[in-house]
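Residue-level structural notes
The residues making up each chain are set out below.
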Amino acid sequence: LAKTTQPISMDSYEGQEVNITCSHNNIATNDYITWYQQFPSQGPRFIIQGYKTKVTNEVASLFIPADRKSSTLSLPRVSLSDTAVYYCLVGDMPNDMRFGAGTRLTVKP
Amino acid sequence: DARVTQTPRDKVTEMGQEVTMRCQPILGHNTVFWYRQTMMQGLELLAYFRNRAPLDDSGMPKDRFSAEMPDATLATLKIQPSEPRDSAVYFCASGTDRLTRDTQYFGPGTRLTVL
């Protein structure tokens, strides 16, 4: 079971780049890394998924070092609407992928 | 824009009553998940279906909860009898394991209050 550790909360200001790091020291060879975003009163929303190196989409970038024991979600130029809880998941359904407490990001004006 | 739909959106009931929550997964998706979210416990996986077959329901209290997929367009989660501790937001999610690895698309949730 690939356990993940991420900060409980982070604060940022509008226009800044935000990097949220997730540790997953016992990640397995076949495990993918997936990030979700959850706004209040909504279900989580898929942001990005990766296996190694770097993945980028219109929302975020995901950086994964060679040893894959951690990953960093990068949100460029955040706005107030990026205030949400961000979850890092590692593994394969259904046994491994569990939502932890996530990181509560607060973007301030 | 395909979405997962859930009904009802809100449900208030009294202890001991039966509660049925319904979910329509995105057409073409072959995986369905049921989650429960509370402030104390966060998001808990209750059940997981692949191609309508239940693969994991270890997170579900067996004595009062049941989950089924009568067909590919409907998933149900039933609580009988309901208890105040079941009060939570219940999310359904669907996905496909044929493309990205188990990416899940969540519905809006059913907010259950058991008095």
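These lines cover the structure that appears in this document, whether it is placed above or below. What you see is a predicted model; the values in this text were computed from it and never measured.

Calculation rules
Residues numbered from 1 in each chain as written. Chains lettered and ligands numbered in written order. Predicted model: local features only at pLDDT ≥ 70, side-chain atom pairs only at ≥ 80, totals over all residues. Heavy atoms only, no water. Helix = DSSP H or I, 4+ residues; strand = E, 2+ residues; numbered from the N terminus. Rg over C-alpha atoms; globule rule 2.2 N^0.38 Å. Core = buried A, V, L, I, M, F, W, Y, C linked by side-chain atoms within 4.5 Å. Buried < 20%, exposed > 50% of the residue type's maximum accessible area, 1.4 Å probe, protein only. Contact = heavy atoms within 4.5 Å. Pairing = 2+ DSSP bridges. Axes fitted to C-alpha atoms, helices over the stretch in contact; angles between N-to-C directions. Phe/Tyr/Trp six-rings, centres within 6.5 Å; stacked < 30°, edge-to-face > 60°. Disulfide = S-S within 2.5 Å.

This paragraph deals with the overall build of chain B. A tally of regular secondary structure across chain B gives zero helices and 11 strands. In sequence order, the secondary structure elements of chain B are arranged as β-β-β-β-β-β-β-β-β-β-β. Relative to its length of 115 residues, chain B is compact, with a C-alpha radius of gyration of 13 Å against a globular reference of 13 Å. Along the first, second and third principal axes, the C-alpha atoms of chain B reach 40 × 30 × 25 Å.

Another aspect to go through is the nonpolar core. One finds Trp34(B), Leu77(B) and Tyr90(B) to be the most contacted residues of the largest nonpolar core, which totals 22 residues. Where this core is concerned, the elements lending two or more residues are strand E3 (19–24), strand E4 (31–38), strand E5 (42–50), strand E7 (65–71), strand E8 (74–79), strand E9 (88–96) and strand E11 (110–114) of chain B. Apart from residues no more than four positions distant in its own chain, Tyr90(B) is found in contact with Gln6(B), Met21(B), Tyr35(B), Arg36(B), Leu46(B), Phe65(B), Leu77(B), Ile79(B), Gly109(B), Thr110(B) and Leu112(B). Residues Ile27(A), Ala60(A), Leu62(A) and Cys88(A) belong to the second largest nonpolar core, which totals 20 residues.

All names here are of chain B. Across the sheet, which stays open at both edges, the four strands sit in the order E1-E3-E8-E7 with antiparallel pairing between neighbours. Each of the sheet's edge strands pairs with one partner strand only, and the pair in question is strand E1 (5–7) and E7. Strand-to-strand, the axes of this sheet are offset by a mean angle of 20°, without reference to chain direction.

Following the criterion strictly, the structure yields 11 aromatic pairs over all chains and no others. On the basis of an interplanar angle of 80° and a centroid distance of 6.1 Å, the ring pair of Tyr36(A) and Phe106(B) is categorised as edge-to-face. With Tyr36(A) in strand E3 (residues 32–38) and Phe106(B) in strand E10 (residues 103–106), this pair bridges two chains. Summarising the burial analysis for this pair, Tyr36(A) and Phe106(B) share the class buried.

Bringing the pairing of strand E4 (residues 45–50) of chain A into the picture now. All names here are of chain A. Bridging between E3 and E4 involves five bridges; their strand directions are antiparallel. Considered in E4, the bridge of Thr 34 is made with Gln 49. Connecting the antiparallel pair E3 and E4 is a turn made up of six residues, with Ser 41 showing a positive phi of about 65°.

Here we come to the sheet that holds strand E8 (residues 84–91) of chain A. Residues and elements named next belong to chain A. The mixed open sheet is built from five strands, whose spatial order is E1-E9-E8-E3-E4. Edge positions in the sheet fall to strand E1 (9–13) and E4, since each of these pairs with one other strand and no more. Strand-to-strand, the axes of this sheet are offset by a mean angle of 25°, without reference to chain direction. Here seven bridges tie E3 to E8, and the two strands are oriented antiparallel to one another. Directly across from Tyr 32, in E8, lies its bridge partner Gly 91.

Quick look at unusual backbone geometry now. Cis geometry marks the peptide bond from Thr7(B) to Pro8(B), where omega comes out at -10°. Gln80(B) connects to Pro81(B) through a cis peptide bond whose omega is -5°. With respect to the secondary-structure elements, Pro81(B) resides in the loop between E8 and E9. Phi at Arg68(A) is positive, roughly 60°, even though this residue is not glycine. Among the secondary structure elements, Arg68(A) is positioned in the loop between strand E6 (61–64) and strand E7 (70–75). Here Arg52(B), not a glycine, exhibits a phi torsion of approximately 75°, which is positive. Inspection of the secondary structure assignment puts Arg52(B) in the loop between E5 and strand E6 (53–56).

Now for the state of the cysteines. For the structure on display, the rule yields two disulfides over all chains. The partner cysteine of Cys22(A) in its disulfide is Cys88(A), sulfur to sulfur 2.2 Å. On the sign convention where negative is left-handed, the bridge of Cys22(A) and Cys88(A), at about -80° about the S-S bond, is left-handed. Of this pair, Cys22(A) sits in strand E2 (residues 18–23) while Cys88(A) sits in strand E8, and the two are 66 residues apart along the sequence. Sulfur-sulfur distance for the disulfide between Cys23(B) and Cys92(B) comes to 1.9 Å. One disulfide, between Cys23(B) and Cys92(B), carries an S-S torsion of -60° and so falls in the left-handed class. Placement of Cys23(B) in strand E3 and of Cys92(B) in strand E9 is noted, with a sequence separation of 69 residues between them. Take Cys23(B) and Cys92(B): they sit in the same class, and that class is buried.

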